[in-house]
Amino acid sequence: MLKRYSALTGALAGLSMLASSMAFAEIIIRVQSVLPTKADEIVMVKDFADNVAALTNGEVKIEVLPDGAIVNGRDILDAVDKGLVEAGFAWTHYWSGKHPAAMLFGSPVAGAGVGIDNIAFLSWFMYAGGRELYDQLWDEMDMNIKGLMLQPVGPEALGWFKEPINSMDDFRKYRFRTPPGIPGQTYKDIGVASVAMSGGDILPALEKGVIDAAEWCCPKPDSVFGFQKVLKHYYLQGLHQVVVNADMYINKDVWNSLTPQQQKAMQVAADASLIRSLSYRIYENGKALKDLTENWGVILHDTPADYFPTYMNAAKASLEKNANKNAFFKKVWDSQKAFAEIAVPFWAGAQTSNAKLGKAFADSQ
C-alpha cells in the first residue's frame, strides 16, 4: 500500500511539474516592422513588448524585426495572414488597396472630414464602437488577423520644402512624397504631384532629385530620417493626417493559441501604449523641433491659407465617393460622424482654449 501511495505521489508530482512547465512555456512572437530599426516608432513598439513580457511574467516575448527581415514591407500583412511571420507592425491605411475602410482606422483623412483629432479618435475607438468595427475590418478583408492599435500620432506636419510656399500654386510645383491610399490620392485630386514611398526611401529620393518635397510625420521621426540635411523650410499644419495610427497585426491562429490571460495582458498593454505613445510624442517632438530650428537652420512657416479649404473639400469628396461604393466604409464613416456630432463641439471648444494658451506661450519664446 505504501509503495502504491509513493508511486501515486510521484506520478502526481511529475504531472504537476509538467503542468507547471507547460504553463510557463515561453511564447515568442516575431513582429516584422515596415520600418528600419532606427525609426522612432520602434522605440514605442519595444516599450509595448516590455510591458507584455512583464504582464505575462515572461511567458510572452515579442521580438521586433526590421523591414525586409522576412518579407518586403508591402507584403507584411499577407505574410502575417499566411503565418510566415507571427506578427507585423505598420499603419492600417497602408492596406487601403485591400479595403478602402482601412484608411478610416489608420489615417482618417482630414479628421474623417468631421473634425476628429488624434485624442478624439481614441475616444471613438475605445468608447463609441470603433474597436468593434476595427475587429470587423479584418473579416471584411478576409484576413486571418487580430489587430492591436498601438500608436496614435498627429497632427502630422504638412512637410518639408526647398523654398517657402505661399499658396497652392507654389505647392503644385513640387513632386511631393505623400502617404499611400486616400490621403495621397487627395493630393493628386488637388493637382499636387503625389509620390508614395516608404520612410526609409525618402531621404535618398530627395538627395537624388526623384522628389523635391516630402512629408513623413512629425519633428522627431522626420529628424531621425534626416530630412533637415536636404530641406530647410518646414510646415507643421497639415490636414492629410490629422489622425494616424500605427498598429500590430497578429496571426489569428497565434492569437487564439494564447491563454485568455495572455490575450488580456496584450490588450491591456496595447491600450496603455495608446497614451504612452501620445505622451512620448509630445515631448520628443518638442525637443526635436527645438533642435531643428536652433541647430540645423530649419525655418518654421505657417501653411498657406488656401491649402485648408482646397484639401478639406477634396477629402470630403473622396470620403463620400468611397461611402457610396462600399457598405462597410459607409458603416465606419457613419459611426465616426455620429460620434463627431456629440463629441467634437465640446472637444473643439475646449481645445480652442488650450491652443490659445499654448500659442501665447510659444509666441513669447
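Throughout, residues of each chain are indexed from 1 in the direction in which the sequence is written. With the structure being a predicted model, the display of local features is reserved for residues of pLDDT at least 70 and the display and counting of side-chain atom pairs for 80 or more, all residues being used for whole-chain, interface and lining totals. Computation of side-chain values covers all heavy atoms of the structure but excludes hydrogens and water.

*Asks:* I'm lost on the sheet that holds strand S5 (residues 159-161) in this one. Help?
*Replies:* In a beta sheet, neighbouring strands pair by backbone hydrogen bonds and run either parallel or antiparallel. Ordered by their spatial adjacency, six strands build an open sheet running S7-S6-S8-S5-S9-S11, and the pairing between neighbours is mixed. The strands lining the two open edges of the sheet, one partner per strand, are strand S7 (193-196) and strand S11 (299-301). Pairs of strands are assigned from DSSP output, requiring at least two bridges between the strands. The numbering of helices and of strands both runs from the N terminus, where a helix is a DSSP run of H or I of at least 4 residues and a strand a run of E of at least 2. By the bridge criterion, three bridges tie S5 to strand S9 (residues 233-235) in an arrangement that is antiparallel. In the sheet register, Phe 161 faces S9, and the bridge partner there is His 233.

*Asks:* Mind showing me how you'd approach unusual backbone geometry here?
*Replies:* Of all residues except glycine, most have a negative phi; of all peptide bonds, most are trans. In this structure, Ala 110 takes a positive phi of about 50 degrees despite not being glycine. Along the chain, Ala 110 falls in helix H5 (residues 109-115). Its identity is not glycine, yet Ala 112 carries a phi of approximately 60 degrees, on the positive side. Within the secondary structure layout, Ala 112 lies in helix H5.

*Asks:* When you look at the sheet that holds strand S2 (residues 60-65) in this model, what are you seeing that I'm missing?
*Replies:* Overall, mixed pairing links the five strands, which are arranged S2-S1-S3-S10-S4 in an open sheet. The open sheet terminates on both sides in strands that have one partner only, identified here as S2 and strand S4 (145-153). Taking the axes of each pair of neighbouring strands and ignoring which way they run, one obtains an average angle of 25 degrees across the sheet. Here S4 pairs with strand S10 (residues 244-251) via eight bridges, running antiparallel. Directly across from Leu 148, in S10, lies its bridge partner Met 248. Interaxial angles span 0 to 180 degrees and are taken between N-to-C directions of axes, which are lines fitted to C-alpha atoms, for helices over the stretch in contact.

*Asks:* What exactly am I supposed to notice about the confidence of the model for the protein chain here?
*Replies:* Low pLDDT marks stretches whose predicted atomic positions should not be read closely. The pLDDT value tells you how sure the predictor is about a given residue, anywhere from 0 up to 100. Per-chain confidence: the protein chain averages 92 in pLDDT, with 93% of residues scoring 70 or above. Here residues 1-23 scores under 50 on pLDDT; set against residues more than four positions off or in separate chains, the count is one contact. Any pair of residues with heavy atoms lying within 4.5 Å of one another is described as a contacting pair.

*Asks:* Is there a simple way to think about the packing of helix H14 (residues 307-325) against helix H15 (residues 327-364) in this case?
*Replies:* Relative placement of two packed helices is described by the angle separating their axes and the distance separating the axes. Close contact between H14 and H15 brings their axes to 5 Å; oriented N to C, the two are set at 125 degrees. With respect to their mutual orientation, H14 and H15 come out oblique. On H15, the residues that touch Leu 319, Glu 320, Asn 322, Ala 323 and Lys 325 of H14 are Ala 327, Phe 329, Lys 330 and Trp 333. Partitioned by chemical class, the residues of the contact of H14 with H15 number five nonpolar, one polar and three charged. Should an angle fall under 35 degrees it is called roughly parallel, over 145 degrees roughly antiparallel, and 65 to 115 degrees roughly perpendicular, with every other angle called oblique. Under the grouping applied here, Gly and all other residues not named as nonpolar or charged are polar, the nonpolar ones being Ala, Val, Leu, Ile, Met, Phe, Trp, Tyr, Cys and Pro and the charged ones Asp, Glu, Lys and Arg.

*Asks:* Before we go on, may I ask you to explain the packing of aromatic side chains in this structure?
*Replies:* How two aromatic rings sit relative to each other is set out by the distance from centre to centre and by the angle between their planes. Aromatic rings from Phe, Tyr and Trp, taking only the six-membered ring of Trp, are treated as a pair when their centres fall within 6.5 Å; an angle between ring planes under 30 degrees marks them as stacked, one over 60 as edge-to-face, and anything in between as tilted. Throughout the structure, instances matching the rule amount to 28 aromatic pairs. When the centroid spacing of 5.7 Å and the interplanar angle of 55 degrees are considered together, the rings of Phe 105 and Tyr 134 count as tilted. On the criterion of sequence distance, the pair formed by Phe 105 in helix H4 (residues 102-106) and Tyr 134 in helix H7 (residues 130-141) is long-range, its members being 29 residues apart. The classification of residues rests on relative accessible area computed with a 1.4 Å probe and restricted to protein chains. Under 20% of the type maximum is buried, over 50% is exposed, and intermediate values are partly exposed. Tyr 134 sits in the buried class, given a relative accessible area of 1%. Between Phe 125 and Tyr 134, the ring centres sit 5.7 Å apart and the planes meet at 75 degrees, which makes this aromatic pair edge-to-face. Residue placement shows Lys 337 over the ring face of Trp 333; its charged tip is 3.9 Å from the ring centre. Sitting over a ring, as applied to charges here, requires NZ of Lys or CZ of Arg to be within 6 Å of the ring centre and within 35 degrees of the ring normal.

*Asks:* Explanation requested: the pairing of strand S6 (residues 175-178) in the structure shown.
*Replies:* On a regular strand, each side chain points to the face opposite its neighbour's, so the side chains alternate between the two faces of the sheet. Pairing geometry for S6 and S7, over four bridges, is parallel. Bridged to Thr 178 within S7 is Ala 196. Each parallel crossover has a hand, and the one from S6 via helix H9 (residues 182-189) to S7 is right-handed. The sheet contact formed by S6 and strand S8 (residues 213-214) spans two bridges and is parallel. Note on S8: the bridge partner recorded for Phe 176 is Ala 213. When the strands point away from the viewer, a crossover counts as right-handed if the path from the first strand over the helix to the second runs clockwise.

*Asks:* What is the right way to read H7 from this model?
*Replies:* It helps to recall that an α-helix has 3.6 residues per turn; residues three or four apart then point in one direction. Taking 1.5 Å of rise per residue, the twelve residues of H7 would be expected to cover 16 Å, and the 17 Å separating its terminal C-alpha atoms lies within 8% of that figure. If you check which residues of H7 are buried, you get Gly 130, Arg 131, Leu 133, Tyr 134, Leu 137, Trp 138 and Met 141. Buried residues along H7 cover an arc of 160 degrees about the axis, so they all sit on one side. Facing away from the buried side of H7 by more than 90 degrees, the exposed set consists of Glu 132 and Asp 139. Looking one or two residues beyond H7, the residue adopting positive phi is Asp 142, at roughly 60 degrees. Multiplying one less than the number of residues by 1.5 Å gives the expected span of a helix. Picture the helix axis, draw a direction to every C-beta atom, and the arc is the one those directions span.

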